[in-house]
2 protein chains.
Amino acid sequence: MPETTPLELTDYIRATWDFKPGVYFRDITPLLEAPEAFERAIDQMAQRVAGLKIDRIAAAEARGFLFAAPLALKLQVPLVPIRKPGKLPFETLSHTYELEYGTDTLEMHVDAIPDGASVLVVDDLLATGGTVRACCEMIEEAGGTVAACLFLIELTGLAGAKALAPHQVISLIQYD
Amino acid sequence: MPETTPLELTDYIRATWDFKPGVYFRDITPLLEAPEAFERAIDQMAQRVAGLKIDRIAAAEARGFLFAAPLALKLQVPLVPIRKPGKLPFETLSHTYELEYGTDTLEMHVDAIPDGASVLVVDDLLATGGTVRACCEMIEEAGGTVAACLFLIELTGLAGAKALAPHQVISLIQYD
């Protein structure tokens, strides 16, 4: 891009048709492949949470790790990985939640969240919010509080922010 | 830690017994939860590959993303995610490889590796090397070359470096 044009994150999100039936799927790989845009996204994430108390950053595998790890380093905050069952080697908390069809389960180490810790939950994309809501519930079960839920992209038509209420939702890019 | 003691990455790796039967499993979560150690690991990774030509950094989900994303930003190099089947929304290359019992498959976007690109493969841990070898083969099928394979931890007794030959293996921490 010419230097006179401000870098727009949306220029680095590719819409792929019918990866999920009948919808545009937002592909973040062009952003990952453009370091200046990827860095801009992490910088903007940091700016958007600058006023919050953040003792931990938590993220569910796998794409959440791509944004949570650089952000945790930028903010110098401990990073808590939330994983599918059987992946974390120490003693875990487990949380099962409803999906449209069936259920899914996430796990977190029992010692990951100190009592009273304020936790920022990070993911690449907010759709219906099921996975991140499960992360929030697990953080609260562990004795922490949710500082906010932070996303690169929010699909506003799927009402994920409502599913995550009363937690604050922050997103850098919104699509209908 | 007192400031007079140099930070040792091994102090942030926890050994958990019997997560995999009869072996110590190296748990990296204490390192992720100590920003100064996590940052030191990324800095050391960057130093160890400073002499190499690196056009892309590739990593397989999920733990590989935790190190590859900060390193790609530090080196300002495009990041290529390698994923399990059905996760990448654009057209993909697919690569099936042998495991001890059965097979596994990885996918990469067809446009992720430009012809002749020199690719650094990053993961948290080198055990037998099967997954990273599959990544290397897929990168070469796509027309790229492997700059090196870089790990936080290498379990030298499992001969992963031999499995990855002739590619160069670089690791920050070695255990028998």
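Check the entry above for the structure.
Described below are features of the structure shown in this document. (Residues numbered from 1 in each chain as written. Chains lettered and ligands numbered in written order. Predicted model: local features only at pLDDT ≥ 70, side-chain atom pairs only at ≥ 80, totals over all residues. Heavy atoms only, no water.)

1. Considerations on the nonpolar core
Here is step 1: One finds I57, F67 and L152 of chain A together with I57, F67 and L152 of chain B to be the most contacted residues of the largest nonpolar core, which totals 84 residues.
Here is step 2: L152 of chain B has contacts with L9, I13, I28, A41, M45, F67, D123, D124, S171, L172 and I173 of chain B, leaving out every residue within four places of it along the chain. (Core = buried A, V, L, I, M, F, W, Y, C linked by side-chain atoms within 4.5 Å. Buried < 20%, exposed > 50% of the residue type's maximum accessible area, 1.4 Å probe, protein only. Contact = heavy atoms within 4.5 Å.)

2. Here we look at the pattern of salt bridges
Here is step 1: Under the criterion given, the structure shown has 12 salt bridges over all chains.
Here is step 2: Close ionic contact of D55 of chain A with K53 of chain A constitutes a salt bridge, the shortest N to O distance being 2.5 Å.
Here is step 3: The class of D55 of chain A is partly exposed, set by a relative accessible area of 25%.
Here is step 4: One continuous salt-bridge network, built from bridges that share partners, spans R14 and D27 of chain A together with D111 of chain B. (Salt bridge = Lys/Arg side-chain N within 4 Å of Asp/Glu carboxyl O.)

3. Considering the packing of aromatic side chains
Each aromatic ring pair is described using two quantities: the centre-to-centre distance and the angle formed by the ring planes.
All names here are of chain B.
Here is step 1: This structure, assessed with the given rule, holds 6 aromatic pairs over all chains.
Here is step 2: Ring geometry for F19 and F25: centres 4.8 Å apart, planes at 75 degrees, overall edge-to-face.
Here is step 3: The ring centre of Y175 lies 3.7 Å from the NZ or CZ of R26, which sits over that ring. (Phe/Tyr/Trp six-rings, centres within 6.5 Å; stacked < 30°, edge-to-face > 60°. Lys NZ or Arg CZ within 6 Å of the ring centre and 35° of its normal.)

4. Comments concerning the packing of helix α2 (residues 35–48) of chain B against helix α3 (residues 63–75) of chain B
For any two helices packed against each other, one specifies the inter-axial angle together with the distance between the axes.
Residue and element names in this part refer to chain B.
Here is step 1: The geometry of α2 relative to α3 is characterised by a closest axis approach of 10 Å and an angle of 60 degrees between their N-to-C directions. Overall, the two elements α2 and α3 adopt an arrangement that is oblique. The chirality of how α2 crosses α3 is right-handed. Together, F38, I42, D43, M45 and A46 of α2 and L66, F67, P70, L71, K74 and L75 of α3 make up the contact between the two elements. (Axes fitted to C-alpha atoms, helices over the stretch in contact; angles between N-to-C directions. Helix = DSSP H or I, 4+ residues; strand = E, 2+ residues; numbered from the N terminus. Parallel < 35°, antiparallel > 145°, perpendicular 65-115°, else oblique. Left-handed = near helix turned anticlockwise from the far one by under 90°.)

5. Looking at the relation of the copies chain B and chain A
Here is step 1: Placing chain B over chain A gives an RMSD of 0.0 Å and needs a rotation angle of 180 degrees, together with 0.0 Å of translation along the axis. Here the transformation between the copies is reduced to the relation of a two-fold axis.
Here is step 2: A share of 100% of the interface residues of chain B reappears at the interface of chain A, consistent with the copies meeting face to face through the same patch. (Least-squares fit on C-alpha atoms with pLDDT ≥ 70 in both.)

6. Brief notes about the pairing of strand β7 (residues 118–126) of chain B
Residue and element names in this part refer to chain B.
Here is step 1: Burial within β7 is extensive, with 9 of its 9 residues counted as buried.
Here is step 2: As paired strands, strand β3 (residues 56–60) and β7 are joined by 3 bridges and run parallel to one another. Looking at β7, one finds that A58 is bridged to V121.
Here is step 3: For the crossover that starts at β7, traverses helix α4 (residues 130–141) and ends in the parallel strand β8 (residues 145–155), the hand is right-handed. (Pairing = 2+ DSSP bridges. Right-handed = clockwise from strand over helix to strand, strands pointing away.)

7. Quick word on the sheet that holds β7 of chain B
Residues and elements named next belong to chain B.
Here is step 1: Across the sheet, 5 strands lie side by side as β4-β3-β7-β8-β9; this open sheet has parallel pairing. Both outer strands of the open sheet, β4 (79–82) and β9 (169–175), are each paired with one neighbouring strand and no more. Averaged over neighbouring strand pairs, the angle between their axes works out to 20 degrees when direction is ignored.

In short, geometric facts, not functional conclusions.
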